[in-house]
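Examining the three-dimensional arrangement
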Amino acid sequence: MGANCFSVDRRPALTGTRISRVTAILSICEWIDSTAFSTAIRESTWWFPIIETVHVLGIAASAGTILFVDLRLLGIGMKREPLSEVLEQLQPWTLSAFLVMVISGALLFTSEAVKCYHSVFFQIKVGLLVLAAVNAALFHAKVYPGVEVWDNLPAAPGRARMAGGLSLALWIGIIAMGRAIAYGK
Amino acid sequence: MRARLAVLSLYAGLLLPVAPLGAHHSFAAEFDIKRPVKLKGTVTRMDWINPHSWIHIDVKGADGKVVAWMVEGGSPNALLRLGFTKAALPPGSEVVVEGFQAKDGSNRAVGQFVAFADGRKLFLGGSAPGAHGDADK
């Protein structure tokens, strides 16, 4: 379909090095699927549903704690707490749950790499994850360092609210795409 | 301003999931209850895989032409609980599968059950109505 694992590509024709890159990614996905490890998860009675469950729990804890930081940034939730308290107390939970989510997600990917390769939902999801990471990194590098000034205000300044709103929208999108991978084409 | 921005971002977030809803795997989104199919044919392969299994059958039409169909069933776990095993459908098995065809009109269906020549029936435990053998209980 002229697309790789990480982006949606609508260019009609493939040329030269691009052909080899796309084929290379597809062959890596095919190789992953052919391993005994991948097959074991794919054909398992219990491992697949257990990994799926762990993945969902990881999402719940990580996106759930991100949600409360976003709501605090937007001035909708937890307004009585200083922003830094909300963010810094929740962050260890966000990060450890994120790790659980990434590991379980990698295992699910391993069990159906070629299907993910061809799934437009998987491609969009990876794109949204990258955007969410960039958004969080920009927020922590450029916006959060000035938090002392607005820490106790119920609503953060414009750029911080923007980061919160964007994060909320991106995570809703990531979860929606993630569930679509299992069912879509 | 703050409230407006909040509402706006929530709204943007809510819009995002609209696209995948079309791919929701509830029975009705992908398969058509008005297109029940009864496929009599030979099993060529069974994919015993998560999250959904697939039975591949060659169906010989009235005109003698062989058409390859793919029939979706439940996960390996769901199949085991319905009495299926990985070896239940070896290639070459002559079976009748009942189910519902895909909405896109392709030769794909979601299966209710597989019936063997000796009268045995195995339910497929997927999203098709009646795929869990409830009707027989």
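Residues numbered from 1 in each chain as written. Chains lettered and ligands numbered in written order. Predicted model: local features only at pLDDT ≥ 70, side-chain atom pairs only at ≥ 80, totals over all residues. Heavy atoms only, no water.

When helices and strands are tallied, chain B shows four helices and six strands. Taken from the N to the C terminus, the helices and strands of chain B come in the order α-α-α-β-β-β-α-β-β-β. Within chain B, counting contacts between residues at least 6 apart in sequence, those at least 24 apart form 52% of the total. Carbon and sulfur atoms form 61% of the exposed surface of chain B, whose accessible area is close to 7200 Å². (Helix = DSSP H or I, 4+ residues; strand = E, 2+ residues; numbered from the N terminus. Contact = heavy atoms within 4.5 Å. Areas by Shrake-Rupley, 256 points an atom, 1.4 Å probe, with all protein chains shown as cover.)

Turning next to the layout of surface pockets. Residue and element names in this part refer to chain A. A volume near 860 Å³ is recorded for the largest pocket. Together, 33 residues line the largest pocket, and H55, G105, L108, K125 and I181 are the ones closest to its centre. Broken down by element, the lining of the largest pocket gets its largest block of residues, eight residues, from helix α8 (residues 158–183). Here the residues of the lining of the largest pocket are counted per class, giving 26 nonpolar, three polar and four charged. (1 Å grid on protein atoms, 1.4 Å probe; cavity = no way out; pocket = protein on both sides within 12 Å on 5 of 7 lines; lining within 4 Å. Points joined across faces, edges and corners; volume = space filled by probe spheres on them. Nonpolar A, V, L, I, M, F, W, Y, C, P; charged D, E, K, R; others polar.)

What follows is about the packing of helix α6 (residues 120–143) of chain A against α8(A). Relative orientation and spacing of two packed helices are given, respectively, by the angle between their axes and the distance between those axes. Residue and element names in this part refer to chain A. Packing of α6 against α8 leaves a shortest axis separation of 9 Å and a crossing angle of 160°. The angle between α6 and α8 places the two elements in the roughly antiparallel class. Here α6 and α8 pass one another in a crossing that is left-handed. Here the contact of α6 with α8 is composed, by residue class, of 18 nonpolar, four polar and three charged. (Axes fitted to C-alpha atoms, helices over the stretch in contact; angles between N-to-C directions. Parallel < 35°, antiparallel > 145°, perpendicular 65-115°, else oblique. Left-handed = near helix turned anticlockwise from the far one by under 90°.)

A separate point is the nonpolar core. Grouped together as the largest cluster of nonpolar side chains are 21 residues, with contacts concentrated most on B:I55, B:I57, B:F84, B:L89, B:V95, B:V114 and B:L124. Elements that contribute at least two residues to this core include exactly β1 (31–47), β2 (53–60), β3 (66–73), β4 (94–102) and β5 (108–116) of chain B. With 16 residues, the next largest nonpolar core counts A:A63, A:M101, A:L128 and A:I174 among its residues. (Core = buried A, V, L, I, M, F, W, Y, C linked by side-chain atoms within 4.5 Å. Buried < 20%, exposed > 50% of the residue type's maximum accessible area, 1.4 Å probe, protein only.)

Okay, unusual backbone geometry next. With an omega of -5°, the peptide bond between B:N50 and B:P51 qualifies as cis. Relative to the helices and strands, B:P51 resides in the loop between β1 and β2.

Before going further, it helps to spend a moment on a nonpolar patch on the surface. Residues and elements named next belong to chain A. A contiguous nonpolar patch, built from W46, W47, I50, V54 and V100 and spanning about 520 Å² of accessible area, is present on the exposed surface. The element that contributes the greatest number of residues to the nonpolar patch is helix α3 (residues 47–74), accounting for three residues. The topology assignment puts I50 in helix α3. A residue is classified by how much of its surface remains accessible, and I50, at 39% relative accessible area, is partly exposed. (Patch = residues over 30% accessible without salt bridge, like charges linked within 9 Å, V, L, I, M, F, W, Y side chains within 5 Å. Salt bridge = Lys/Arg side-chain N within 4 Å of Asp/Glu carboxyl O.)

Here we come to the environment of A:F121. All names here are of chain A. Relative to the assigned elements, F121 resides in helix α6. The exposure class assigned to F121 is buried, which follows from its relative accessible area of 11%. Note: C-alpha distance between F121 and M177 (56 residues apart in sequence) is 5.2 Å.

All names here are of chain B. Here A102 is to be found in strand β4. The class for A102 is buried, based on a relative accessible area of 0%. In sequence terms A102 and F27 are 75 residues apart; their C-alpha atoms lie 9.6 Å from each other. Setting aside anything within four residues of it in sequence, one finds A102 in contact with E30, F31, R35, R108 and A109.

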